[in-house]
Amino acid sequence: MAALRSREASGVPLAWLIEAVTAGFVDADVSTLLDEREERTARAALPPSFFGWLAAEARVAQAIVSDQNEGDSRVPYREVERAAARMLLEFAYRLMHDAPERHFLDLPFRFAAPAARLGIESSLVIQAVRVTERRWVDQLLTAAGERAGDIAHSVLSASAAIYDAVVDSFVTDYVVAQAQLDGEMLATKRALIDALLKPGVRDAKSFDDLGIDLSGHHVAVVLWHPTAGIGPHLDTAARQIGMSAFANAVTVVPGDDRTLWIWLTFADDPPPAVLERVRSIPRDPGRVGVAIGPVARGVQGFRRSHLLAREYAAVAGRLPPGIAPDIADTERMSYLSLLLRDPERAEWFVATELGALATGAVSDRENRETLRLYLETGQSLADTAERLRIHRNTVVYRLKRIEQAIGRPIASRRHELYAAALLAHLLEQSES
C-alpha cells in the first residue's frame, strides 16, 4: 500500500505534531504490544513519549471493544490492544514519512480468525476501529492548535487511509475465517447426521450438538436439481420450506449425489396444513425436485423419514417429466418406490405377470395401457374408454385379447397385473 503524502505546505514533516500530542506522556514498556523487531524500528523513528501514548491508547481501544461487547470474557482483549497499537503506529508513520519504512497492518489477520470463531460480529470490530480512529484525529487536531487548519487535510487523509486498510484487511480475513469455520461446523454436523442415520441408534444424548430434540416429530425433505446440483435454487427452496413450516428446529446439510437434506422437527405432531404449506412452496417444478418423508417420531423416526424421502427422491429423479410427481411424498411415491427399488427384478416381474404382453409390439403396448387404466379406474369400461379416447366396445375387445394372452381372468390377479402394467409403463417411459 503506497504511503500518502503527509507534509505541510512548507514541506516540513509532521514530526512536531507527534511530539505535540504525546507531550504529556512518558516512555512506557510496549513489549506486550509490539514484536521486538517492530519496537526497535519504531523507537528509531519516534520520541519516547510516543510509546506512553501508544500504551494508553491501546488500553482505551480495549475498553471501547469491551464496552461494545458488554464485557464478554471470550473476546481476545490482548489481541485488541496489539491491533490498536499497530494501527496507531502506522498512523504516526504515515504522518511523518512520504515512504514509511514499515507497515504494521499484520495484526488484523491475527484478530479476525478468533473474532469469527467466537461469533463476534464484524460490524462491532469495524465500529471500534472507527471510534478509535476518530479519537486519534481529534487528539491530533487539538494538539495542533492554531495550525490545525493547515494540517487537517493531511491528518484526515492519513486517518482515512489507515481506516480503509485495516478494515479491508480485517474484513477479508474475517470472511475467510468465517467460511472456514462454517465448513468445519457443517462437516461436524454432517458427521453427526451420518452416525445418527446408522441402524440401531437408540441413545440421543450423543447427538446433543445438533441442537435437535430427537424425541420430537420429524419430517425429512430431500431437494435436488436435475442439472445444477447444490446451489442458489436449492438454497432458496430450503429457506422457503423452513419459513413455511414454522418448525421448532430446521436442520439442513448437503447430502449425497448433489442433494440437500432437510429435517423439520416439531414438538407435537404437525397438522396436515403444515405439510401442505411445505408442498406448496413457490418453485419451478422443472428445476427443483422435492421429496418429503412421512411424519415420524424419535431417533428412529428421524432416520425413517429421511431414508424414505431419499428413496422417493431417487425414484422420482429417474422418472420422465410427464410421469414424475410434482412432489414426491408417501401418498404419491410409496407404491412406486417399492416397485422400482430393484429395476432388474421389476423387469422380471413384468415378464412373469404379463407373459406374451411384455413385448415392444405396438398392439402389446396398447393392451398393457388398456389393462393399466382399466384397473386404475376401478374396472370401469366407460372411464377407461374416455381416458384412452376410444369406443367402449374397443375396450371390451382389448380386455378379451388380454385375458387370452395372459391365460387367465384379469380378476384372478388384479393387483399383480396392475403393478406389472404400471411398471411396464414406467420402465418404457424411462427408456424413451
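A few words now on the overall build of the protein chain. Assigned secondary structure in the protein chain consists of 16 helices and 5 strands. Whereas a compact globule of 432 residues would reach a radius of gyration of roughly 22 Å, the protein chain reaches 36 Å, over 25% beyond that. Its C-alpha atoms put the protein chain at 110 × 50 × 35 Å along the principal axes. Here the protein chain holds 432 residues, and 47% of them are scored as buried. The contacts of the protein chain with a sequence gap of at least 6 include a subset with a gap of at least 24, amounting to 71%. Accessible surface for the protein chain amounts to roughly 21400 Å². Of this, 52% is attributable to carbon and sulfur atoms. For the protein chain, the distance from the average site of its 49 positive side-chain charges to the average site of its 58 negative ones is 8 Å.

What follows covers the packing of aromatic side chains. Two numbers describe a pair of aromatic rings. These are the distance of the centres and the angle of the planes. For the structure on display, the rule yields 6 aromatic pairs. Both rings, one in F91 and one in W136, keep their centres 6.5 Å apart while their planes meet at 40°; by these two values the pair is tilted. Of this pair, F91 sits in helix α4 (residues 77–96) while W136 sits in helix α6 (residues 122–144), and the two are 45 residues apart along the sequence. Grouping residues by exposure puts F91 and W136 together as buried. Ring geometry for W261 versus W263: centroids 6.3 Å apart, planes at 90°, classification edge-to-face. For the pair W261 and W263, one class covers both residues: buried. Three or more aromatic residues joined by ring pairs make a cluster, and in this case those are F50, F51 and W53. Stacked on the ring of Y163, the Lys or Arg R130 has its end atom at 3.7 Å from the ring centre.

With respect to the helices and strands, the residue T394 is situated in helix α15 (residues 392–406). In this structure, the C-alpha to C-alpha distance between T394 and T370, residues 24 residues apart in sequence, is 9.9 Å.

Along the chain, the position of L422 falls in helix α16 (residues 414–431). By relative accessible area, which is 8% here, L422 ends up buried. For the pair L422 and S215, spaced 207 residues apart in sequence, the C-alpha separation works out to 39 Å. Those residues in contact with L422 that lie beyond four places of it in its chain are Y335, L336, L339 and R372.

Core analysis: the largest hydrophobic core is formed by 51 residues, its most contacted members being I193, L196, W263, F302, L354, L371 and I410. By residue number, the principal contributor to this core is α16, which donates 10 residues. Judged by nonpolar contacts, the second largest core, of 38 residues, contains L34, F51, A58 and A92.

Our next topic: helix α12 (residues 343–354). For α12, spanning 12 residues, the distance from its first C-alpha to its last is 16 Å, which sits close to the expected 16 Å at 1.5 Å a residue. For α12, the full list of buried residues reads A346, V350, E353 and L354. Projected down its long axis, α12 carries its buried residues within an arc of 80°, all on one side. α12 presents R345 and T352 as exposed residues on the side facing more than 90 degrees away from its buried surface. Just downstream of α12, G355 is the residue with a positive phi angle, here 55°.

Relative to each other, helix α13 (residues 362–376) and α15 sit at 105°, their axes nearing to 10 Å. Here α13 lies roughly perpendicular to α15, going by the angle between them. Across the interface between the two elements, E366, N367, T370, L371 and Y374 of α13 pack against V395, R398, L399 and I402 of α15.

Turning to the side chain of E57, a few remarks are in order. Of note, E57 is situated in helix α3 (residues 48–68). Overall, the relative accessible area of 3% leaves E57 in the buried class. Beyond its immediate chain neighbours, meaning those up to four positions away, E57 contacts L88, R135, W136 and Q139.

With that out of the way, let us pick up the pairing of strand β2 (residues 249–254). If a strand is regular, its side chains alternate between the two faces of the sheet. The side-chain alternation of β2 yields one buried face, formed by A249, T251 and V253, and one unburied face, formed by V250, V252 and P254. Inspection of the sheet shows β2 paired to strand β3 (residues 259–266) by 6 bridges, in the antiparallel sense. By the bridge assignment, V252 is partnered in β3 with I262. Counting the residues that bridge the hairpin from β2 to β3 gives 4 residues, and of these D257 lies at a positive phi of roughly 55°.

Looking now at the pattern of salt bridges. With the rule as written, the count across this model stands at 21 salt bridges. The residue D27 makes a salt bridge to R43 at a minimum N-O spacing of 3.1 Å. Taken together, the positions of D27 in the loop between α1 (15–21) and α2 (36–43) and R43 in helix α2 put the pair 16 residues apart, joining distant regions of the chain. D27 sits in the partly exposed class, given a relative accessible area of 41%. Where E38 meets R86, a salt bridge forms, and the shortest distance between an N and an O atom there is 2.4 Å. Residue E38 is found in helix α2, and its partner R86 is found in helix α4; the two are separated by 48 residues along the sequence. Here the two residues E38 and R86 agree in accessibility, since each one is buried.

Analysis parameters
Residues numbered from 1 in each chain as written. Predicted model: local features only at pLDDT ≥ 70, side-chain atom pairs only at ≥ 80, totals over all residues. Heavy atoms only, no water. Helix = DSSP H or I, 4+ residues; strand = E, 2+ residues; numbered from the N terminus. Rg over C-alpha atoms; globule rule 2.2 N^0.38 Å. Buried < 20%, exposed > 50% of the residue type's maximum accessible area, 1.4 Å probe, protein only. Contact = heavy atoms within 4.5 Å. Areas by Shrake-Rupley, 256 points an atom, 1.4 Å probe, with all protein chains shown as cover. Lys, Arg positive; Asp, Glu negative; His and termini not counted. Charge placed at Lys NZ, Arg CZ, Asp CG, Glu CD. Phe/Tyr/Trp six-rings, centres within 6.5 Å; stacked < 30°, edge-to-face > 60°. Lys NZ or Arg CZ within 6 Å of the ring centre and 35° of its normal. Core = buried A, V, L, I, M, F, W, Y, C linked by side-chain atoms within 4.5 Å. Expected span 1.5 Å × (residues − 1). Arc of directions from axis to C-beta. Axes fitted to C-alpha atoms, helices over the stretch in contact; angles between N-to-C directions. Parallel < 35°, antiparallel > 145°, perpendicular 65-115°, else oblique. Pairing = 2+ DSSP bridges. Salt bridge = Lys/Arg side-chain N within 4 Å of Asp/Glu carboxyl O.

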